[in-house]
Amino acid sequence: MMSSSLLAAGIALSAAAGLQPYEAVEPHMGTLFRIKLYAANQAQAQHAFRAAFGRVAQLDAILSDYHADSELDRICRTAVRRPVKVSDDLFRVVSASERLSEDTGGAFDITIGPVTHLWREARATKQMPGKGAIAQAESRCGFRKLHIDSEHRTITLDRDSMQLDAGGIAKGYAADEALAALSRLDIHSALVAASGDLAFSDAPPGQAGWKIGVDSLDSAEVPFTRVLVLANGAVSTSGASEQHLDANGARYSHIINPKTAMGLTRAITVTIVARHGIDSDALATAVSVLGAKRGLALIERRPGVAALIVTGGQGKLQVIESSRFRLLPKTQTE
Ligand code: ADP
Ligand code: MG
């Protein structure tokens, strides 16, 4: 028993010894995707980068709501009151979204598109959307207006002029899928970072894990930075204040509360640790909407998920760690 496991460890070490770190960055999904990986040589690394970024580009073409010809956009026109068979990728993202909508009473809602588009325009013009426009957009939203048939892999929408927005979940899923593409090429130690969404496989050779710094966006006010040491997981951070509109003395986030169709105005930064990016990404958005108390309750109910929630600001900062977050391996730095 003992000798065979020692032997296995020995083999793993010598195999790892030949691996070198490589890094590449490309723009995708309206942000930068950064990939770090360990490969035997430059040629293998280049081949792997092409496959991983290629997979992300493919997902962007399916899930984007900026390109009118994405599959996500097309089904908003074709799946009105009739079932349309969709790709596995779109199906996975929409069904994960719908499950989370059920679990959060609609705090996470992939059908929020008409409202997010209105606020996107408002941020561009620096003008608050009008009450009438908000009400009109809201009437075209609602996760219960979207129906999934798991057996036939179809989606049906209850009405026309609906708009899906995968912005709260797509980057996490793309990070997962980039890792999967790397793994198919025998790259088992890699990290994919799409701004606030990270997913990673085995630890770098000879290390305990990937070192992942977790800050409040308002880090000047937080007395410490936590550095997590993790492997085979995902970390996502959603910040209500990252993209925003300042109007009427309030700061409206790009994260929308579907109950009011308004951008969040409370200061909250949520970091979620989960096994997969599709979950950490969507949960970070969902907990931002739910707020610290209900958000924490949601996280505590989910096995294998941990959260760090920072609320308030200007001297009223509150830092909340879920029970599993407290147990995560980390190095604490000043
Ligand atoms: P970021 O895009 O800054 O990383 P998030 O992962 O929190 O942050 O995603 C925010 C995006 O999710 C918004 O830009 C919008 O596209 C979408 N979104 C906003 N509100 C919601 C919501 N309540 N449910 C689902 N998606 C949302
Ligand atoms: Mg998200």
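Residues numbered from 1 in each chain as written. Chains lettered and ligands numbered in written order. Predicted model: local features only at pLDDT ≥ 70, side-chain atom pairs only at ≥ 80, totals over all residues. Heavy atoms only, no water.

Trainee: Explain the packing of aromatic side chains to me, and be specific about the residues and the numbers.
Mentor: The tally for this structure, following the rule as stated, stands at three aromatic pairs. Pairing Y38 with W210 gives two aromatic rings, centres 6.1 Å apart and planes at 55°, and the pair type is tilted. In this pair, Y38 sits in strand β2 (residues 31-39) while W210 sits in strand β8 (residues 210-214), placing the two residues 172 residues apart along the sequence. On the basis of relative accessible area, Y38 is assigned to the buried category, the value being 16%. A centroid spacing of 6.2 Å and a plane angle of 20° characterise the contact between F49 and F53, whose relative ring orientation is stacked. (Phe/Tyr/Trp six-rings, centres within 6.5 Å; stacked < 30°, edge-to-face > 60°. Helix = DSSP H or I, 4+ residues; strand = E, 2+ residues; numbered from the N terminus. Buried < 20%, exposed > 50% of the residue type's maximum accessible area, 1.4 Å probe, protein only.)

Trainee: Give a description of the coordination of the magnesium ion (ligand 2) that names residues and reports values.
Mentor: With distances of 2.0 to 2.7 Å, the protein atoms coordinating the magnesium ion (ligand 2) are G168 (O), D281 (O), D281 (OD) and T285 (OG1). You can call D281 buried: its relative accessible area is 3%. (Donors = N, O, S within 2.8 Å, 3.2 Å for Na, K, Ca; no water.)

Trainee: Residue-level account of the sheet that holds strand β15 (residues 268-274), with values.
Mentor: Read from one edge to the other, the open sheet built from eight strands follows the order β1-β2-β6-β7-β10-β15-β16-β17, with strand pairing classed as antiparallel. Whereas interior strands pair on both sides, the edge strands pair on one side only; in this sheet they are β1 (20-28) and β17 (318-321). Adjacent strand axes in the sheet meet at a mean angle of 10°, parallel and antiparallel pairs treated alike. Relative to strand β6 (residues 190-194), β2 runs antiparallel, the two being bridged by five bridges. When the sheet's bridge partners are listed, F33 is paired in β6 with A194. Across the sheet, helix α7 (residues 170-184) touches β2, β6 and β7 (197-200), and the angle it forms with β6 is around 155°. Its contacts with the sheet put helix α8 (residues 277-300) on β7, β10 (233-239), β15, β16 (306-311) and β17, and the angle it makes with β15 is roughly 125°. (Pairing = 2+ DSSP bridges. Axes fitted to C-alpha atoms, helices over the stretch in contact; angles between N-to-C directions. Contact = heavy atoms within 4.5 Å.)

Trainee: Could you give me a rundown of the domain arrangement of the chain, with the residues and numbers involved?
Mentor: Splitting the chain by domain gives domain 1 (21-64 + 166-203), domain 2 (76-157) and domain 3 (208-334). Between domain 1 and domain 3, the C-alpha centre-to-centre distance is 23 Å. Across the boundary between the two partners, domain 1 contributes 20 residues, which contact 18 residues of domain 3. For the pair domain 1 and domain 3, the summed buried area comes to about 1500 Å², and 58% of that belongs to carbon and sulfur atoms. Sorting the residues of domain 1 by area buried against domain 3 places L198, F200 and A203 first, and these three jointly supply 35% of that buried surface. In this assembly, domain 1 and domain 3 are joined by zero salt bridges. (Domains from an automatic or database assignment. Buried area = accessible area lost by both parts, 1.4 Å probe. Salt bridge = Lys/Arg side-chain N within 4 Å of Asp/Glu carboxyl O.)

Trainee: Break down the pattern of salt bridges for me, with residues and values.
Mentor: Going through the model one piece at a time under the given rule, you end up with 13 salt bridges. R34 is the partner of E23 in a salt bridge, and the nearest nitrogen-oxygen pair spans 2.9 Å. Residue E23 is located in strand β1, and its partner R34 is located in strand β2; the two are separated by eleven residues in the primary sequence. The class for R34 is partly exposed, based on a relative accessible area of 36%. For the salt bridge of D88 with R153, the shortest nitrogen-to-oxygen distance reads 3.1 Å. Taken together, the residues D88 in helix α4 (residues 88-103) and R153 in the loop between β4 (146-149) and β5 (154-157) connect sequence positions 65 residues apart.

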